[in-house]
Amino acid sequence: MIPYFGDQDLRSISEADLLDYIAVKLEAGLAPATIQNGLSIVRRVLNLAVRDDLIAKNPASGIGKLTQRVDRRVASEVRSINAWSRDEVETLLSLAAEYEPQFEPLLRFLMSTGARRGEALGLRWDDIDFERRRITIRRALKKVITVTPKSGRARVLAMPPTLALSLFNLLTQRQREAIHRGWASVPEPVFCSEAGTPLDGRNVTRSWDRRPRRAQKQGVRPLRLHDAPHTFATLAVSAGRSIRWVADQLGHANPELTLRVYAHAMPVEESDLAFADFGAANSGAKRLDPAPTSDDDSQKDNAPCATDRGHSRNLERETGIEPATLSLGS
């Protein structure tokens, strides 16, 4: 930011200045997302200026929507959310259990909850309620620094039975290790190093990078570990879970964001229209017979009384509706 804005007074920055900055950086070949990351810093600083009454309005407040429009204008194709299928997740977990068992509980946690990697690294044993099968996300660990979750607030996650069993087995293993190593108690972090210290995110990345080739041989797409929350959300939405529930699990402040990102995964099923079949349960009406087969058609064509009036009577008898009155002309 400094090479462009130089010594310009922060209070004099206008929206026009920010638009010029976007144009210059686009011409220099920067991606819209990279430009937005830089502008987000300016926006946060200007928010502080508004708070301290140095400026009346933040000129960068709407810059996010602007860069999104720029992104759509320069993009050559529509971006899609990357997510593994259920079979791919099963394969990944199976490979982790076989070749790197200490990494499997962490990978299962990410796939089964939609939590982010930093939130997993900041998880402690007192955050897990095995009786109610609930997990509370209170903190995240980024570069060995404890911070609040991305949403800035705590949230409670549902814990599937297989994840509960995996974490309970991990706790039992930690208790045995504490006795063997002479530790006074089990280390607080759920996912910790062999020394009981918080796990470094770089080590998690190294563990993940060791498996793509083996997984690809079994048909698993080489996506990022960052796509684990996308996988959870996509599978949850496609299974019929509400957008509100998925948003709460992911920590999204606004369910509209969840809907925009994962609407493609919502099930589209039109075969069951019972919700709009008003009065069908009380009228005693029967379903219409399926279309006759070719054999039935030939028999009806050869029948001596296969008239329109006969068909109308059949329809009246089957459904209870009144047939049309035939005129002399017909």
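Further up the page is the structure itself.
Structural notes, computed from the coordinates. Computed from a predicted model, the values in this text were never measured in an experiment.

Moving on to helix α2 (residues 15-27). Across its 13 residues, α2 extends 19 Å between first and last C-alpha, which sits within 8% of the 18 Å expected from 1.5 Å per residue. Taken residue by residue, α2 has D17, L18, Y21 and I22 as its buried positions. In an axial view of α2, the angular spread of the buried residues amounts to 145°, which keeps them on one side of the axis. G29 lies just past α2 and shows a positive phi near 100°.

Before going further, it helps to spend a moment on the environment of L106. Checked against the element boundaries, L106 lands in helix α6 (residues 104-113). Classification of L106 by relative accessible area gives buried; the value is 2%. With residues up to four places along the chain from it excluded, the contact list for L106 reads A120, F191, L199 and V204.

Another aspect to go through is the side chain of R174. For R174, the location among the structural elements is in helix α8 (residues 161-181). On the basis of relative accessibility, which here comes to 8%, the residue R174 falls in the buried class. Sequence-distant contacts of R174, that is, excluding residues within four places in its chain, are made with W125, V186, V190, F191 and C192.

It is worth spelling out helix α3 (residues 32-51) at this point. Counted at 1.5 Å a residue, the expected span for α3 with its 20 residues is 28 Å, and the 28 Å between its end C-alpha atoms agrees. All of the buried residues in α3 are P32, I35, G38, L39, V42, L46 and A49. Backbone geometry just downstream of α3 places D53 in the positive-phi region, at approximately 60°.

Moving on: the nonpolar core. Membership of the largest hydrophobic core comes to 38 residues, with the highest contact counts inside it found for L107, F109, I135, L167 and F191. Every element with two or more residues in this core is listed here: α5 (86-99), α6, α7 (117-121), β2 (134-137), α8 and α9 (201-209). Excluding residues that lie within four positions of it along the chain, L167 makes contacts with W125, I128, F130, I135, M159, V190 and F191. Listed in part, the 13 residues of the second largest apolar core include Y21, L39, V42 and I63.

Time to look at the pairing of β2. Strand residues, when the strand is regular, have side chains that alternate between the two faces of the sheet. Here strand β1 (residues 128-129) pairs with β2 via two bridges, running antiparallel. Bridging across to β2, D129 finds its partner in R134. The antiparallel hairpin formed by β1 and β2 contains four residues in its connecting segment, where R133 sits at a positive phi of about 55°. Pairing of β2 with strand β5 (residues 155-158) involves four bridges; the strand directions are antiparallel. Note that in β5 the partner of R134 across the bridge is A158.

What follows deals with the environment of S193. You can see S193 is positioned in the loop between α8 and α9. Counting along the chain gives 91 residues from S193 to Q102, while the straight-line C-alpha distance between them is 9.7 Å. Within the local environment of S193, its side chain forms a polar contact with the side chain of T197, the two groups lying 2.5 Å apart.

Reading the values: the criteria
Residues numbered from 1 in each chain as written. Predicted model: local features only at pLDDT ≥ 70, side-chain atom pairs only at ≥ 80, totals over all residues. Heavy atoms only, no water. Helix = DSSP H or I, 4+ residues; strand = E, 2+ residues; numbered from the N terminus. Expected span 1.5 Å × (residues − 1). Buried < 20%, exposed > 50% of the residue type's maximum accessible area, 1.4 Å probe, protein only. Arc of directions from axis to C-beta. Contact = heavy atoms within 4.5 Å. Core = buried A, V, L, I, M, F, W, Y, C linked by side-chain atoms within 4.5 Å. Pairing = 2+ DSSP bridges. Polar contact = N/O pair within 3.5 Å; in protein donor to acceptor, adjacent residues only side chain to side chain.

Taken by themselves, the reported measurements are silent on function.
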